[in-house]
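Residues per chain, in single letters:
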Amino acid sequence: MAQVPAIRTVGLTKHYGKTEALNDLDLQVEQGEIFGFLGPNGAGKTTTIRSLLNYITPTSGSAQVLGMDAATQSVELREHISYQPADYSMYENLTGGQFLQYFANLRGGVDVGYVHELAERLGADLGKKISDYSTGNKQKIGLIQAFMNKRQLVILDEPATGLDPLVQQELQRMYQEVQDDGRTVFLSSHTLSEVERVADRVGILRQGRLIVVERVDDLKRKAIRRLDIEFENDVAASVFEGVNGVRSVTARGPHVSVSFDGPVGDLLRVVVDHDVLNIHSREADLEEIFLTYYRSDAATGARAGDVVEEAMPDVG
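Computed from a predicted model, the values in this text were never measured in an experiment.

## Observations concerning the side chain of Ser74
- Mapped onto the fold, Ser74 is located in helix H2 (residues 74-77).
- Take Ser74: its relative accessible area is 12%, and that puts it in the buried class.
- Only 3.3 Å separates the side chain of Ser74 from the side chain of Asn54, close enough to count as a polar contact.
- Non-local contacts of Ser74, meaning those with residues more than four positions away in its chain, are made with Leu53, Asn54 and Asp69.

What follows is the structure, encoded as structure tokens:
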């Protein structure tokens, strides 16, 4: 018998008056995967999560979480989901440990030893009052709250906010442990490098619409790559005109940078016709791919999904 998806939405839509926050979202996230949900602020990521948790009522469409209806079975779903919101209020007069104990009691208790293990791994001081915490330290408490229950589905909204790089690395190991245990991570973020390192698949939201869902590796194979080449003598950019897959060329004397997609064979045959001193390949990262799918059509006059080269849009 096939396993039910961790998340499945059909035509999920949410409008606030004339504002279209989410439009016709069809999404399926499988159990046991780390799924990255990408888009800048205002793209509809948090609206999607709040609909999944039944915090808001969609205008139309439906959502199922772990095989249960998100609207009619939301109370039952609480037993199987952990959630860390991007922005939430904390009880400032409590210590971090007291805050976590409060939430543990709401859940019927947790493994205290595991709570302290998570605190040590993230570098969280549970004895300090929350009012004395920095933004990053408050974030650590929120993450411990989300992971300590070992729920089947962990939903995280901008979880790396305020965390230093070493703590982010530890957090990535925690994602992997959830997956190794057969559970699911739904990671909403505009921190593209974070998602690239941990996600199996990504979905990219653009102005409330899902424009692509693919494996990270598959996205990379479709993306623009770059060759930086140093020749013994000057080489003109025109040498590479018409070469299959070449998208742009910049030549400055013997230094040439070529952007291309697809197989590299035709390009290399042209390169080796000249005396090469050095060659360096740069694979596209998820940030470049994000740009591919998330630029302004009005600015480029192109279709969503075409490859272009321009400055990265603000995804903060």
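## Structural notes on a nonpolar patch on the surface
- Where nonpolar side chains cluster on the molecular surface, the patch consists of Tyr91, Tyr102 and Leu106 and spans about 320 Å² of accessible area.
- Position of Tyr102 among the secondary structure elements: in helix H3 (residues 96-106).
- For Tyr102, a relative accessible area of 38% puts it in the partly exposed group.

## Quick word on the pattern of salt bridges
- Under the defined criterion, the tally for this structure stands at 9 salt bridges.
- One salt bridge in this structure joins Glu92 and Lys138, with 3.2 Å as the shortest N-O distance. Of this pair, Glu92 sits in the loop between strand S6 (81-84) and H3 while Lys138 sits in helix H5 (residues 135-147); the two residues are 46 residues apart in sequence, bridging distant segments of the chain.
- Close ionic contact of Asp181 with Arg183 constitutes a salt bridge, the shortest N to O distance being 3.0 Å.
- Classification of Arg183 by relative accessible area gives buried; the value is 7%.
- Sharing partners across several salt bridges, the network here consists of Glu117, Arg121, Glu170, Arg173 and Glu177.

## Focus: the sheet that holds strand S7 (residues 153-157)
- Strand order in this open sheet of 6 strands is S6-S7-S8-S3-S9-S10, and the pairing throughout is mixed. At either end of the open sheet lies a strand with only one pairing partner, and these are S6 and strand S10 (209-215). Across the sheet, the axes of successive neighbouring strands diverge by a mean angle of 15°, strand direction being ignored.
- Pairing geometry for S6 and S7, over 4 bridges, is parallel. Of the residues in S7, the one forming a bridge with Ser82 is Val154.
- This element, helix H1 (residues 45-52), spans strand S3 (34-38), S6, S7, strand S8 (184-189) and strand S9 (201-206) of the sheet and lies at about 145° to S8.
- In this fold helix H6 (residues 165-180) packs onto S3, S7 and S8, with an angle of close to 145° to the strand it touches most, S8.

So, how was this worked out
- Residues numbered from 1 in each chain as written.
- Predicted model: local features only at pLDDT ≥ 70, side-chain atom pairs only at ≥ 80, totals over all residues.
- Heavy atoms only, no water.
- Helix = DSSP H or I, 4+ residues; strand = E, 2+ residues; numbered from the N terminus.
- Buried < 20%, exposed > 50% of the residue type's maximum accessible area, 1.4 Å probe, protein only.
- Polar contact = N/O pair within 3.5 Å; in protein donor to acceptor, adjacent residues only side chain to side chain.
- Contact = heavy atoms within 4.5 Å.
- Patch = residues over 30% accessible without salt bridge, like charges linked within 9 Å, V, L, I, M, F, W, Y side chains within 5 Å.
- Areas by Shrake-Rupley, 256 points an atom, 1.4 Å probe, with all protein chains shown as cover.
- Salt bridge = Lys/Arg side-chain N within 4 Å of Asp/Glu carboxyl O.
- Pairing = 2+ DSSP bridges.
- Axes fitted to C-alpha atoms, helices over the stretch in contact; angles between N-to-C directions.

The values reported here are purely geometric and, on their own, carry no functional implication.
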